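Take a look at the letters that make up each chain.
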Amino acid sequence: MINELQLLAGTDIPFLEANVTIHQPTLKELSYLGEDKFAYGYQLLKFSKDMLSAQDKNNLSVYSDFDILMQVIENRRGEKVLNESINNMKQILFLLFPQYDVKIENREIILVDKDNNIFKINSDNFNAFKKILVEIFCVFNSEDEKAEQNYNPTGALAQRIVEKLKKRHQQLAERKGGNGKKVAILSRYVSILAVGEHKDINSFMSYTMYQLNDEYQRFILKMQYDIYIKSKLAGAKDVQEPEDWMKDLYDENKELDYGYIK
C-alpha cells in the first residue's frame, strides 16, 4: 500500500520492483488523452485473468497476466477496438513515465532513461505495478473486477478479451452516469466541486485523480452533514444522521463507492 501522504501530495511513486518512479498524472495531462481513451487503455493495462471465463483461466493457469497481455498485443490482427486500446495503453505509459523512453518489445515493457539505462516491466513485477495503478487511478476502479462469464467460449482469446473490454467500458460509463455514451467521471467531479466549493474550475487541473477523488468524497460527506443540520434546525424529525464528514476516508479499504449523489 502506498503512503497516503504521497498520494495526497501528488508526488512520484517509487516502483521499487523495477527501480523506477511512477508519475501521478494531473488532470491537465490526462486531458490530452481524454477520459474515454483513458478508460479503454487503463482497463487493458491492468489486465487480469479474472476477466476471462473459468475455462480460459484454467487453460491459461501456467501463464501470468502479463504474459497473456503481451500475447494479446502481439496477436491483435487488425482488430480496431483492441488496437485503439493498445494505443491508449501506450499513451498512459507515456504519462506514467515521462522521464523515460517507453517501448513494448520482446514481450516486455522497456523503459530507457536519459543515460540509456534500461528498466523493465515484465511478468516478475507486473502485479506490483498494477497495485500502484489501482491506488493512483482510484476513480476508474470497478466495484466488480470480475466480469460476467456467460459468453461464448469459442474463437480467439484476443477477440474474447476485446468483447470483455467493450462490455466493461460500457458498464463503467453506465455506472458513472454516462448511459453508455461516454465516460466523463473526472469532468463531472470537477464541475460539481467548482460550483459546490465556489472555486475556479482551472484550479482543479493541477490535481491528480487521487487528490480530486479525495476532495470530492470529503465534499459529499460535508454536504450531507450540512443538509442534516439544516433539516434538524428547521424542525424535521426522523432524519437519518449522516456519517462523520471528518472520518478517515481510507480506513481498511481504499476502493470507495464512487456513485454520484442523487
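The structure presented is a predicted model; accordingly, all values stated were derived computationally and were not measured. (Residues numbered from 1 in each chain as written. Predicted model: local features only at pLDDT ≥ 70, side-chain atom pairs only at ≥ 80, totals over all residues. Heavy atoms only, no water.)

## Some remarks on the sheet that holds strand S3 (residues 101–105)
Spatial strand order, S3-S4-S5: three strands in an open sheet with antiparallel pairing. The sheet is open, and its two borders are formed by S3 and strand S5 (118–121), each paired with just one other strand. The average undirected angle you get between the axes of adjacent strands in this sheet is 25°. Pairing between S3 and strand S4 (residues 108–112): five bridges, direction antiparallel. Note on S4: the bridge partner recorded for Val-102 is Leu-111. Here helix H6 (residues 80–96) sits on the sheet in contact with S3 and S4, set at roughly 145° to S3. (Pairing = 2+ DSSP bridges. Helix = DSSP H or I, 4+ residues; strand = E, 2+ residues; numbered from the N terminus. Axes fitted to C-alpha atoms, helices over the stretch in contact; angles between N-to-C directions. Contact = heavy atoms within 4.5 Å.)

## Some details on the pairing of S4
Side-chain direction in a regular strand flips from residue to residue, so the side chains alternate between the two faces of the sheet. Across the five residues that make up S4, a large majority, five, are buried. Neither face of S4 is exposed, since Glu-108, Ile-110 and Val-112 on one face and Ile-109 and Leu-111 on the opposite face are all buried. The antiparallel hairpin formed by S3 and S4 contains two residues in its connecting segment, where Asn-106 sits at a positive phi of about 50°. Two strands pair when backbone bridges link them, and S4 and S5 are joined in this way by four bridges, in the antiparallel orientation. When the sheet's bridge partners are listed, Val-112 is paired in S5 with Ile-118. (Buried < 20%, exposed > 50% of the residue type's maximum accessible area, 1.4 Å probe, protein only.)

## Remarks on the environment of Tyr-63
Structurally, Tyr-63 is set in the loop between helix H4 (54–59) and helix H5 (65–74). Separated by 14 residues in the primary sequence, Tyr-63 and Lys-49 place their C-alpha atoms 9.5 Å from one another. In contact with Tyr-63, other than residues within four places in its own chain, are Lys-49 and Ile-68.

## Focus on H6
Residues lying three or four places apart along an α-helix face the same way, a consequence of the helix completing one turn every 3.6 residues. With 17 residues, H6 should cover 24 Å at 1.5 Å per step; its first-to-last C-alpha distance of 24 Å lies within 8% of that length. What H6 keeps buried is the set Val-81, Leu-82, Asn-83, Ser-85, Ile-86, Asn-88, Met-89, Ile-92, Leu-93, Leu-95 and Leu-96. (Expected span 1.5 Å × (residues − 1).)

## Focus: the confidence of the model for the chain
When pLDDT is averaged across the chain, the result is 82; 78% of the residues are at 70 or more. Counting interchain partners and residues more than four positions distant, the pLDDT-below-50 stretch residues 143–155 has 31 contacts. (pLDDT = per-residue confidence, 0-100.)

## What to know about the packing of helix H9 (residues 185–196) against helix H10 (residues 209–233)
In the contact formed by H9 and H10, the axes pass within 10 Å of each other and the chain directions differ by 50°. Judged by the angle between their axes, H9 and H10 are oblique. For the pair H9 and H10, the crossing hand works out as left-handed. Where H9 abuts H10, its residues Leu-186, Tyr-189, Val-190, Ile-192, Leu-193 and Gly-196 lie against Met-209, Leu-212, Asn-213, Glu-215, Tyr-216, Gln-217 and Phe-219. Counted by class, the contact of H9 with H10 contains nine nonpolar, three polar and one charged residues. (Parallel < 35°, antiparallel > 145°, perpendicular 65-115°, else oblique. Left-handed = near helix turned anticlockwise from the far one by under 90°. Nonpolar A, V, L, I, M, F, W, Y, C, P; charged D, E, K, R; others polar.)

## Focus on the environment of Ile-118
On the secondary structure map, Ile-118 appears in strand S5. Residue classification places Ile-118 among the exposed residues on the basis of a relative accessible area of 55%. For the pair Ile-118 and Ala-18, spaced 100 residues apart in sequence, the C-alpha separation works out to 9.9 Å. Residue contacts for Ile-118: discarding those within four places in its chain leaves Ile-110, Leu-111 and Val-112.

## So, the pattern of salt bridges
If you walk through the whole model with that rule in mind, you get eight salt bridges. Taking the shortest distance from any N to any O, the salt bridge between Asp-65 and Lys-130 comes out at 3.0 Å. Placement of Asp-65 in helix H5 and of Lys-130 in helix H7 (residues 126–136) is noted, with a sequence separation of 65 residues between them. Asp-226 is paired through a salt bridge with Lys-222; the nearest N and O atoms lie 2.9 Å apart. Note that Asp-226 and Lys-222 are positioned in helix H10 at a spacing of four residues, about one turn of the helix. Asp-226 gets classed as partly exposed once you look at its relative accessible area, which sits at 29%. Members of the salt-bridge network, linked through shared partners, are Glu-197, Lys-199 and Glu-215. (Salt bridge = Lys/Arg side-chain N within 4 Å of Asp/Glu carboxyl O.)

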